[in-house]
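Spelled out from the first residue to the last, the chains are:
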Amino acid sequence: MHISVFGTGYVGLVAGACLADVGHQVTCMDVNAERIDRLNAGEVPIFEPGLSTIVAHNVDAGRLSFTTDAKQAVHDGELLFIAVGTPPDEDGSADLRYVLEVARTIAEHMNDYKLVIDKSTVPVGTAEKVHAAMAETLAARGADIPFDVCSNPEFMKEGAAIEDFTRGARIIVGTDSEHVKARMHECYAPYNRNHDKLMFMSIRAAELTKYAANAMLATKISFMNEMANLAERLDVDIEDVRRGIGSDPRIGYHFIYPGCGYGGSCFPKDVQALERTARQLGYTPALLSAVETVNLQQKQTLFTKLQTALGNLENKTIAVWGLAFKPNTDDMREAPSRTLMEALWQAGAKVQAFDPEAMAECRRIYGERDDLMLAGDRIQAVKGADALVICTEWKAFRSVDLAWLADQLNDRVVVDGRNLYAPEAVREAGLMYLGVGR
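As annotated in an unreviewed UniProt entry, the protein carries the name UDP-glucose 6-dehydrogenase and comes from Vreelandella gomseomensis. The UniProt entry for the protein carries the following comment under Pathway (unreviewed entry): "Nucleotide-sugar biosynthesis; UDP-alpha-D-glucuronate biosynthesis; UDP-alpha-D-glucuronate from UDP-alpha-D-glucose: step 1/1."

Trainee: Looking at this structure, how should I read the overall build of the protein?
Mentor: For the protein, the helix and strand inventory stands at 18 helices and 14 strands. Its C-alpha radius of gyration of 24 Å places the protein within 12% of the 22 Å reference for a compact globule of 438 residues. Judged by the C-alpha coordinates and their principal axes, the protein covers about 75 × 45 × 45 Å. Looking at the protein residue by residue over its 438 residues, the buried ones come to 54%. If you take every contact in the protein between residues at least 6 apart in sequence, the share linking residues at least 24 apart comes to 72%. Carbon and sulfur atoms provide 49% of the accessible area of the protein, an area that totals close to 19400 Å². Of the charged side chains in the protein, 45 are positive and 61 negative, and the gap between their average positions amounts to 3 Å.

Trainee: Which parts of the structure should I look at to understand the sheet that holds strand β9 (residues 317–321)?
Mentor: Strands in a sheet are paired, the pairing made by backbone hydrogen bonds, and the direction either parallel or antiparallel. Pairing in this open sheet of six strands is parallel, and the strands run β11-β10-β9-β12-β13-β14 from one edge to the other. A strand with exactly one partner marks an edge of an open sheet, and here the two such strands are β11 (372–374) and β14 (432–434). If you compare each strand with its neighbour and ignore which way they point, the axes differ by 20° on average. Examined bridge by bridge, β9 and strand β12 (residues 387–390) share four bridges and lie parallel to one another. Counterpart to I318 in the pairing with β12 is A387. The strands touched by helix α13 (residues 301–310) within the sheet are β9, β12, β13 (413–416) and β14, with β13 carrying the most contacts at an inclination of about 160°. Its contacts with the sheet put helix α15 (residues 359–366) on β10 (350–354) and β11, and the angle it makes with β11 is roughly 155°.

Trainee: Sorry, what's going on with the packing of aromatic side chains here?
Mentor: Aromatic rings in a pair are described by how distant their centres are and how their planes are angled relative to each other. Inspection of every chain in the model, using the stated rule, returns seven aromatic pairs. Between F255 and F267 the ring centres are 6.1 Å apart and the planes differ by 45°, which places this aromatic pair in the tilted class. Here F255, found in the loop between α10 (238–246) and α11 (267–280), pairs with F267, found in helix α11; they are twelve residues apart in sequence, far enough to count as distant. Owing to a relative accessible area of 12%, F267 belongs among the buried residues under this scheme. Judged by centre distance (5.2 Å) and plane angle (20°), the ring pair of W321 and F397 falls under stacked. Here W321, found in strand β9, pairs with F397, found in the loop between β12 and α17 (402–408); they are 76 residues apart in sequence, far enough to count as distant. When sorted by exposure, W321 lands in the same class as F397, which is buried. Each member of the aromatic cluster is reached from another via a ring pair, and the members are F165, Y188 and Y191. R170 extends its terminal NZ or CZ atom over the ring of F155, reaching a point 3.9 Å from the ring centre. If you follow R369 out to its NZ or CZ, it ends over the ring of W345, 3.8 Å from the centre.

Trainee: Looking at this structure, how should I read the environment of Q346?
Mentor: Checked against the element boundaries, Q346 lands in helix α14 (residues 336–346). Overall, the relative accessible area of 73% leaves Q346 in the exposed class. Residues Q346 and E314 lie 32 residues apart in sequence; the distance between their C-alpha atoms is 9.0 Å.

Trainee: Would you mind showing me how to read the pattern of salt bridges here?
Mentor: A side chain of one charge can pair with a side chain of the opposite charge if their charged atoms are brought near each other. If you walk through the whole model with that rule in mind, you get 26 salt bridges. If you follow the salt bridges from partner to partner, you end up with E78, R183 and E186 in one network.

Trainee: Could you clarify how one ought to interpret the packing of helix α9 (residues 203–234) against helix α12 (residues 286–298) in this entry?
Mentor: To describe two helices that pack against each other, one gives the angle between their axes and the distance between the axes. Contact geometry for α9 and α12: axes closest at 9 Å, N-to-C directions at 55°. The angle between α9 and α12 falls in the class oblique. Between α9 and α12 the crossing geometry is left-handed. When α9 is examined against α12, the residues A215, A218, T219, S222, N225, E226 and N229 are found in contact with a partner set consisting of L288, V291, V294, N295 and Q298. The residue makeup of the contact of α9 with α12, split by class, is five nonpolar, six polar and one charged.

Trainee: What exactly am I supposed to notice about the UniProt feature "domain: UDP-glucose/GDP-mannose dehydrogenase C-terminal" (unreviewed entry) in the protein here?
Mentor: UniProt's entry tags residues 319–423 with the feature "domain: UDP-glucose/GDP-mannose dehydrogenase C-terminal" (unreviewed entry), counted in the numbering of this structure. The span residues 319–423 carries 30% helix and 18% strand; its end-to-end C-alpha distance comes to 19 Å.

Trainee: Please clarify how empty space enclosed by the protein should be interpreted in this entry.
Mentor: Summary: where empty space remains is shown by rolling a probe the size of a single water molecule over the atoms. If you walk through the whole model with that rule in mind, you get two cavities of 30 Å³ or more. Each pocket or cavity is described by its volume, and for the largest cavity that value is around 150 Å³. What lines the largest cavity is a set of 14 residues, among which K119, D164, F165, R170 and I171 lie closest to the centre. Taken together, the elements giving at least two residues each to the lining of the largest cavity come down to α7 (161–167) and β7 (171–174). In the lining of the largest cavity, the residues fall into seven nonpolar, two polar and five charged. As a volume, the second largest cavity reaches approximately 60 Å³.

Reading guide: rules and limits
- Residue positions are given per chain, counted from 1 along the sequence in the order it is written.
- Owing to the predicted nature of the model, reporting of local features is limited to residues with pLDDT of at least 70; listing and counting of side-chain atom pairs is limited to 80 or more, with chain, interface and lining totals taken over all residues.
- Side-chain figures throughout are based on the complete set of non-hydrogen atoms in the structure, without hydrogens or water.
- UniProt positions are given in the numbering used here, feature names are shortened, and annotations may be inferred rather than shown by experiment.
- Helix numbers and strand numbers start at the N terminus; a helix is a DSSP run of H or I with at least 4 residues, a strand a run of E with at least 2.
- In this treatment the radius of gyration is a C-alpha quantity, and the globule benchmark scales as 2.2 Å times the residue count to the 0.38 power.
- A 1.4 Å probe rolled over the protein chains alone gives each residue an accessible area, and that area as a share of the maximum for its type sets the label: buried under 20%, exposed over 50%, partly exposed in between.
- Residues count as neighbours in contact if any of their non-hydrogen atoms are within 4.5 Å of one another.
- All accessibility values rest on the Shrake-Rupley procedure with a 1.4 Å probe; residue burial counts only the protein chains present in the view.
- Within this scheme the basic residues Lys and Arg register as positive and the acidic residues Asp and Glu register as negative, but His and the chain ends are omitted.
- A single reference atom marks each charge: NZ on Lys, CZ on Arg, CG on Asp, CD on Glu.
- Pairing between strands is defined by DSSP: at least two bridges between them are needed.
- Angular values range over 0 to 180 degrees, each being the angle between N-to-C directions of two axes fitted as lines to C-alpha atoms, with helices fitted over their stretch in contact.
- Each pair of aromatic rings taken from Phe, Tyr and Trp, with Trp reduced to its six-membered ring, is defined by centres within 6.5 Å and is described as stacked if the planes are under 30 degrees apart, edge-to-face if over 60, and tilted in the remaining cases.
- Here, a charge over a ring means that NZ of Lys or CZ of Arg falls within 6 Å of the ring centre while also lying within 35 degrees of the ring normal.
- Only one rule defines a salt bridge in this text: a Lys or Arg side-chain nitrogen within 4 Å of an Asp or Glu carboxyl oxygen.
- Here the angle decides the label: under 35 degrees means roughly parallel, over 145 means roughly antiparallel, 65 to 115 means roughly perpendicular, and every other value means oblique.
- Take the far helix as your reference; a near helix turned counterclockwise from it by less than a right angle gives a left-handed crossing, and one turned clockwise gives a right-handed crossing.
- The nonpolar class holds Ala, Val, Leu, Ile, Met, Phe, Trp, Tyr, Cys and Pro. Asp, Glu, Lys and Arg form the charged class, and all remaining residues, Gly among them, are polar.
- Throughout, the protein atoms alone are placed on a 1 Å grid, and a set of points is a cavity if a 1.4 Å probe fits but cannot get out or a pocket if it is open with protein on both sides within 12 Å along at least five of seven lines; lining residues have an atom within 4 Å of a point.
- Grid points are joined across faces, edges and corners, and a volume is the space filled by probe spheres set on the points.

This is how it looks when you write it as structure tokens:
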């Protein structure tokens, strides 16, 4: 099939590369000329395991191309995926400006039938707005050209996006059109061979499913963090509790690891957007509000624990291991590390930070600062520091010579925001250990 993808962020670039990898002819379009230039030069602008290889292979094979020419992208594709950003507006609702701009652009340039597919995470009712925007633009042209709009939400985790796209548990499509169902079956046939993973439902149900999935996972995280805070006050190790409840198949082990809060491009904005939608409808979403409140409070715990251990933090030097919001990505959006570092700077402390992939992103966000040293590795980050805080559970941080670490840290304090280490072992090495719920 001939497919065009509008937007080359995480969703658009992964979707485009993976669809090209199974033989489709894919054009990826973006208004960001610098990003397209980098892609055309063979440079993938985001870190996602395996993505660079797939992109390079399919560019070489002639199945994947990149352009800033919207007219070309519209003409190239029979299936047009909208995968642009939907950032939170000032009131927390999703900003649909870019989605609707793409819809109008498609309608402005199309000369024959198009199937427009909402891949971006969008509020319920967005497909109707996309349809209306396209119809209005076509009417202004005096053009009577048929088109369909369907919803096809993504369920990709950063750091495992390739696996999630190619081997995901389900492929959800919102449509009531038999023609659209046939087209989407053909599009996803290479990823749908072992058993039928396609689930068809109403467009509005598909749109809500995406938000409901992320809200459920965020709820599990906030619930476990709240249990961890209670465990600390009850002198209970939350890791025992986690194993105990995770063994129940109705609960499972996924997303019940206590820590310093969730971040990233999805959970924070999607919970906020769903909460905003509910309030617009006159419904008070008490649980969603609590999930967000607990998470915001949890991001403060690392700084609070440091203050408890060290008192006045002015002129202290804090080593930070991990800047990305999770391992296997360079994404620092809503990352707990940002909340911590900004609080430390406000308190007059200095930061020595290291992350295996997010150093360039950190430099882009904060620039050059006297109170921030971006270290070359984890060893350099702790050299001369007073305390260490672990914000991201990268594999590179899981094993450490604790006796060496005790020699490096002036105040011998470790705040483990991801519960990587056994408290007894850390304390036996002569370090003060502050985990989450331990």
